[in-house]
Amino acid sequence: MPAPHAKPPARRLAIRGDLLDFTAAPEWGAVESNAVRFRPDHWLLVEAGRIVGAQPAALSEAQGPDASWERHDHHGRLVMPGFIDTHVHCPQIDVIASFGAELLDWLNTYTFPAEAHYAEPALAHSGAARFCDALLAHGTTSAVVFPTVHKASAQALFEAAQQRGMRLIAGKVLMDRHCPDNLRDDVDQAERDCEDLIARWHGRGRLAYAVTVRFAATSTPEQLAMAGRLCARHPGVYMQTHVAENRAEVRWIGELFPQARSYLDVYASAGLLNERAVLAHGIWLDDADRTVLRESGAQIAHCPSSNLFLGSGLFDWRAAEAAGAAVSLASDVGGGTSLSMLRTAADAYKIQAMAGQRLTAWKALHAATLGAALALRLEGEIGSFEPGCMADVCVWDWAVGSVAQRRLDVARALHERVFAWMTLGDERNLVACFVGGGLLFEQRSG
């Protein structure tokens, strides 16, 4: 059950289980990889909220964690770094699993009406709390998040994440055209709101601000230029937006910005591409765009469940990686169908299979842990069990249910076991979730 106001983290914490994380990027298609660090039946050691090391549980009692450590014995369970969701919409939980629409009509029919409610501060606060607790209950401890155009929505999201000690990157959404009147801002007021939010929240605890352009169609050239100025004025902030998700959307952007070489070029021309830029989807990009991504350091947040559900297209992960572009994994809820990064990874496998590629569990899980942390320039804080990282840790059952248990029983090698867990597992497999060493979620027994 969620426990956002749990007792303070133990000064010294030891978590026992099968430790799995990554030390580098796995090779494409390789089921045997030196990038994988698997330490079965180990104690993960945490002091003052940060990882300090690990040791085999087989050591004698005298050599293991003594009574000064708060011990959580999860022998026989999988222990991983908390997942990092690099693109997700807080208010869209209300419209998850909405029927029968592609991207543009889905926005108008479902998304914009739901987001309009977040003008009410009380609703924004309850929605943000529900969203953060839901992330934790799905094993996600860090996220790059869209709230709504309302300043109160961004404030509520930052407050909820701060209460839980989560690493969260977010910012007020910018939209000054092609959207309902009750979701439209203007260049000057939006800039003032962003400046206030940056001053209050950026760099506070584990929070960071992201200049948040909804997508190029909903911002005038003047607002895009303002967003670029914010990024230049505050070099530590992030930038998040959508790019090349849907073919009709790409055609529309071409009509709105005829001078741009491509959809991505709209953002490049506005000064929005840099090493802290997170661009969701990126399905309909070409080789020149991928070169721009590599040279700028920007990343693509791949949203496979959303791309399948909305019929947007099949992302060419292999081509992006071959061009040197960073790729992370994201749920995109509510265009996606679950906050579970396991379900998201399983859908990513299916998309690559359609292109004749085989996405390993290592590549998928790396993109939701260390790979995402590297793309966000946060590898010293999140994404692995390296000493010094924050103790954002999730404990998982390897199998839930008779079918998954039988599959686990007959698995012959580590990748086979992990791939079966990734493919058959979901939030029901999550046993416990720690953030900064504090236990914030524990599965109800039964």
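Residues numbered from 1 in each chain as written. Predicted model: local features only at pLDDT ≥ 70, side-chain atom pairs only at ≥ 80, totals over all residues. Heavy atoms only, no water.

**Digging into the overall build of the chain**
- On a plain count of helices and strands, the chain comes out with 15 helices and 16 strands.
- The C-alpha radius of gyration computed for the chain amounts to 21 Å, which stays within 12% of the reference 22 Å derived for 446 residues, consistent with globular compactness.
- With respect to the principal axes defined by its C-alpha atoms, the chain has extents near 70 × 45 × 40 Å.
- The buried share among the 446 residues of the chain stands at 61%.
- Pairs at least 24 apart in sequence give 76% of the contacts found in the chain among residues at least 6 apart.
- Here the chain displays about 16500 Å² of accessible surface, and carbon together with sulfur accounts for 52% of that area.
- Averaged over its 41 positive side-chain charges, the chain has a centre that lies 4 Å from the centre of its 51 negative ones. (Helix = DSSP H or I, 4+ residues; strand = E, 2+ residues; numbered from the N terminus. Rg over C-alpha atoms; globule rule 2.2 N^0.38 Å. Buried < 20%, exposed > 50% of the residue type's maximum accessible area, 1.4 Å probe, protein only. Contact = heavy atoms within 4.5 Å. Areas by Shrake-Rupley, 256 points an atom, 1.4 Å probe, with all protein chains shown as cover. Lys, Arg positive; Asp, Glu negative; His and termini not counted. Charge placed at Lys NZ, Arg CZ, Asp CG, Glu CD.)

**Comments concerning the confidence of the model for the chain**
- Confidence in the prediction for the chain averages 96 pLDDT; 98% of positions are at 70 or higher.
- Low pLDDT (under 50) marks residues 1–5, which in the prediction has 15 contacts with non-local residues, meaning those over four places away or in another chain. (pLDDT = per-residue confidence, 0-100.)

**A few points about the nonpolar core**
- Membership of the largest hydrophobic core comes to 118 residues, with the highest contact counts inside it found for Y267, L279, L365 and W421.
- With eight residues, helix α2 (residues 121–137) is the single largest residue contributor to this core.
- When neighbours within four sequence positions are excluded, L279 is seen to be in contact with T241, V243, L264, Y267, L273, L293, A298, Q299, I300 and A301. (Core = buried A, V, L, I, M, F, W, Y, C linked by side-chain atoms within 4.5 Å.)

**Notes on the packing of helix α4 (residues 187–201) against helix α5 (residues 221–233)**
- At their nearest, the axes of α4 and α5 sit 10 Å apart, and the two run at 25° to each other. By the criterion of interaxial angle, the relationship of α4 to α5 is roughly parallel. Our pair here, α4 against α5, has a crossing hand that is right-handed. On α5, the residues touching V187, A190, E191, C194, E195 and I198 of α4 are E222, Q223, M226, R229, L230 and R233. (Axes fitted to C-alpha atoms, helices over the stretch in contact; angles between N-to-C directions. Parallel < 35°, antiparallel > 145°, perpendicular 65-115°, else oblique. Left-handed = near helix turned anticlockwise from the far one by under 90°.)

**Remarks on the sheet that holds strand β2 (residues 36–47)**
- With mixed pairing, the seven strands of this open sheet are ordered in space as β3-β2-β1-β4-β14-β15-β16. Looking at strand neighbours, the two that pair on one side only are β3 (50–56) and β16 (438–442), the edges of this open sheet. Adjacent strand axes in the sheet meet at a mean angle of 35° when their direction is disregarded.
- Pairing geometry for strand β14 (residues 393–396) and strand β15 (residues 430–435), over four bridges, is antiparallel. Within the sheet, the bridge partner assigned to C394 lies in β15 and is C433.
- Relative to the sheet, α2 contacts β15 and β16, its axis offset from that of β15 by approximately 120°. (Pairing = 2+ DSSP bridges.)

**A look at helix α8 (residues 287–296)**
- Those residues of α8 that sit buried are D289, R290, L293 and S296. The arc that holds every buried residue of α8, seen down its axis, measures 135°, which confines them to one face. Opposite the packed face of α8, turned more than 90 degrees from it, sit the exposed residues D287 and E295.
- Tucked inside the fold, the buried residues of α8 contact α7 (263–269), β11 (277–281), β12 (299–302) and α10 (317–322).
- The first or second residue beyond α8 is G297, which carries a positive phi of 85°. (Arc of directions from axis to C-beta.)

**Comments concerning the pairing of β2**
- Pairing analysis gives 10 bridges linking strand β1 (residues 12–22) to β2, with the strands arranged antiparallel. Bridging from a neighbouring strand, G17 pairs with H42 of β2.
- Both β2 and β3 contribute to a ladder of six bridges, which runs antiparallel. Bridge assignment links V46 to a residue of β3, and that residue is I51.
- Linkage of β2 to β3, two consecutive antiparallel strands, is achieved through a turn of two residues, within which A48 is found at a positive phi near 50°.

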